[in-house]
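# Remarks on the overall topology
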Amino acid sequence: MVKYELKKLFLNRFILITLISCIALTFAYAAYSKNCYENGNLYTYEAVFLDKNAFREITVTKNNINTLEERISEIEADDRSYDYIDPATRQFQYYGRFADETYGKINEIYRNTESAKEQEEKIKCLESYQISDRLFAEYCILLYVTEQFRELEYRTTLAYFNSFDGVDAKTADELPSKYKSELQSNLTRLESGVTYSSDFGWRELLKAGKASALPVIISILITLAAVTAISSDYETAMYSLIICTKNGRKKILQKKLVSISLFAVMVSVIFNLSALCAYGIFFTLNGKNASSAAVISGIVLTLAQCFPVMTAFSALSALAVGFSALAVSSVCGKSFVASGINLLLIFIPFLFGFFFTFKNENINAFIHSLPVNIPICDFSTSVYFGYTWFGRDIGAGSSFTAFIFMSFMLSVISLPIIYSGWYKRRIIK
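First things first, this report covers the structure right here in the doc. (Residues numbered from 1 in each chain as written. Predicted model: local features only at pLDDT ≥ 70, side-chain atom pairs only at ≥ 80, totals over all residues. Heavy atoms only, no water.)

If you trace the backbone, Ser198 turns up in the loop between strand 4 (194-196) and helix 10 (200-206). The residues touching Ser198, leaving out its near neighbours within four places in the chain, are Phe55, Asn286 and Gly287. (Helix = DSSP H or I, 4+ residues; strand = E, 2+ residues; numbered from the N terminus. Contact = heavy atoms within 4.5 Å.)

To continue, consider the nonpolar core. Core analysis: the biggest nonpolar cluster contains 52 residues, and Phe55, Val145, Tyr196, Leu205 and Phe379 have the highest contact counts within it. The biggest single contributor to this core is helix 7 (residues 133-154), with 11 residues. Apart from the residues within four sequence positions on either side, Phe379 is in contact with Leu206, Ala294, Cys306, Val309, Met310, Phe313, Ile374 and Phe400. Of all hydrophobic cores here, the second largest spans 29 residues; its members include Cys22, Ala225, Ala264 and Ala327. (Core = buried A, V, L, I, M, F, W, Y, C linked by side-chain atoms within 4.5 Å. Buried < 20%, exposed > 50% of the residue type's maximum accessible area, 1.4 Å probe, protein only.)

Take the environment of Ser73 next. If you trace the backbone, Ser73 turns up in helix 4 (residues 65-77). Under the relative-accessibility criterion, Ser73 is labelled partly exposed at 41%. On a C-alpha basis, the gap between Ser73 and Arg97 in space is 8.1 Å, while along the polypeptide they are 24 residues apart.

Let us now look at the pairing of strand 7 (residues 384-389). Two elements, strand 7 and strand 8 (residues 392-398), share 6 bridges in a ladder whose sense is antiparallel. Bridging from a neighbouring strand, Gly386 pairs with Ala396 of strand 8. Hairpin connection, strand 7 to strand 8: the antiparallel pair is bridged by 2 residues, and Phe390 has positive phi, about 50 degrees. (Pairing = 2+ DSSP bridges.)

This next bit is on helix 4. Counted at 1.5 Å a residue, the expected span for helix 4 with its 13 residues is 18 Å, and the 18 Å between its end C-alpha atoms agrees. Along helix 4, the residues classified as buried are Ile65, Leu68, Ile72, Ile75 and Glu76. On an axial view of helix 4, the arc spanned by its buried residues comes to 100 degrees, and they lie on one face. (Expected span 1.5 Å × (residues − 1). Arc of directions from axis to C-beta.)

All right, on to the packing of aromatic side chains then. Applying the stated rule across the entire model yields 17 aromatic pairs. Aromatic pair Tyr144 and Tyr196: ring centres 6.3 Å apart, planes at 75 degrees, arrangement edge-to-face. In this pair, Tyr144 sits in helix 7 while Tyr196 sits in strand 4, placing the two residues 52 residues apart along the sequence. Taking the centre distance of 5.1 Å and the plane angle of 40 degrees together, the rings of Phe164 and Tyr179 count as tilted. Here Phe164 is found in the loop between helix 8 (158-162) and helix 9 (177-192), whereas its partner Tyr179 is found in helix 9, with 15 residues between them in sequence. (Phe/Tyr/Trp six-rings, centres within 6.5 Å; stacked < 30°, edge-to-face > 60°.)

Let us now look at the pattern of salt bridges. Scanning all chains against the criterion turns up 11 salt bridges. Note that Arg203 and Asp199 form a salt bridge whose closest N and O atoms lie 3.1 Å from each other. A relative accessible area of 1% places Asp199 in the buried class. (Salt bridge = Lys/Arg side-chain N within 4 Å of Asp/Glu carboxyl O.)

One can find Thr26 in helix 2 (residues 13-39). As for Thr26 and Ser274, which are separated by 248 residues in sequence, their C-alpha atoms are 7.6 Å apart. In this structure Thr26 touches Leu214, Phe271, Ala275 and Ala278, once residues within four positions along its chain are discounted.

Attention shifts here to the packing of helix 15 (residues 303-331) against helix 16 (residues 335-355). Look at helix 15 against helix 16: their axes get within 9 Å of each other, and the N-to-C directions meet at 145 degrees. The hand of the helix 15/helix 16 crossing is right-handed. Touching Ser324, Ala325, Val328 and Ser329 of helix 15 are Ala338, Ile341, Asn342 and Leu345, all from helix 16. Broken down by class, the residue content of the contact of helix 15 with helix 16 amounts to 5 nonpolar, 3 polar and no charged. (Axes fitted to C-alpha atoms, helices over the stretch in contact; angles between N-to-C directions. Left-handed = near helix turned anticlockwise from the far one by under 90°. Nonpolar A, V, L, I, M, F, W, Y, C, P; charged D, E, K, R; others polar.)

A few words on unusual backbone geometry. Of note in the backbone geometry, Ala213 takes a positive phi value of approximately 60 degrees without being a glycine. Tracing the chain through its elements places Ala213 in the loop between helix 11 (208-212) and helix 12 (215-235). Using a relative accessible area of 13% as the deciding quantity, one classes Ala213 as buried. The phi dihedral of Thr284 is positive, around 75 degrees, even though this residue is not glycine.

Written out as structure tokens, the structure reads:
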């Protein structure tokens, strides 16, 4: 029966079209992301790296950061590093050591009473004297990795946390639990060293759900499949026939539970694998060994390691969504009513989780940990929720832990409702 149910679901025209549409939209969003990188409007350094295709893998540590910065200074200080470059060919301007001098001369020209044409010619000449093409890619890479590492260093200081509203800590022990967890995560990354590479495909893949919200459509798909599995039997004579058979009430329901569980996991995995293919095609999947900002049990994950984590949590979310939809369907006699309630249970948490942030951290943690919102996060970074009790800070936890707990609890609550609704359903003559 399980094979029959799965075949029925995957061959359903609506489900098949919706799944194919989601995959097509994933490819379209990957193409859009690549375009954003290439035009440099949002990603200036990255546009250079993609254009030059010269980003070698580099690990920055507390021991070699000064050496890398010395190399930047060496390039800037050497007159042989400069050339007259057409600024129109550059996504971003890097003047090197002549930056202040160049900007000062440009301002002088603007203050002069010369004609607009003369101003334009002189400014173009000044702007064109930049780091040469021979060293441009290396210079950009060094600037990028050192700036990123120094930013991480800053995120381990009290000054960073005290910049947040309501935080005024003199020592790390005085920080709220949420920020203590974030501090420890950043210190772990700092001590381990950070590996950078041309990893843009992985980074976009791991946050694609947060940016596009496409996983919500997958949740809707699973919900409607669950409604079909039970409510349609109520609306026909099928339910009456099922419960009249030997062990019909128990075994048939178990088969339906297994079918929806497998369907939910399979659809979720198919969607994630299609996303992997999409970003691999448009970006390539170079940089799999680059460091993410996700820390689990004191271990900094690589970007490639984050993908199975994302897939596992997406599947966990899909299972919880499927069970909750079955619970609603089991107590509703009509598919229309069951679908409406289930869609509300998806859209309301999604709208609040995607568009609103509450002052109460407990509410934020609860909403963001609901199954529909689990795939809509950036799996390349660790997020921490702070918990309070009547205004008192009682601790903090990783979003990954909250995801597991919430999905497990929702599934545990749903199962007795499913069985109770199925067993106690009245037969309509």
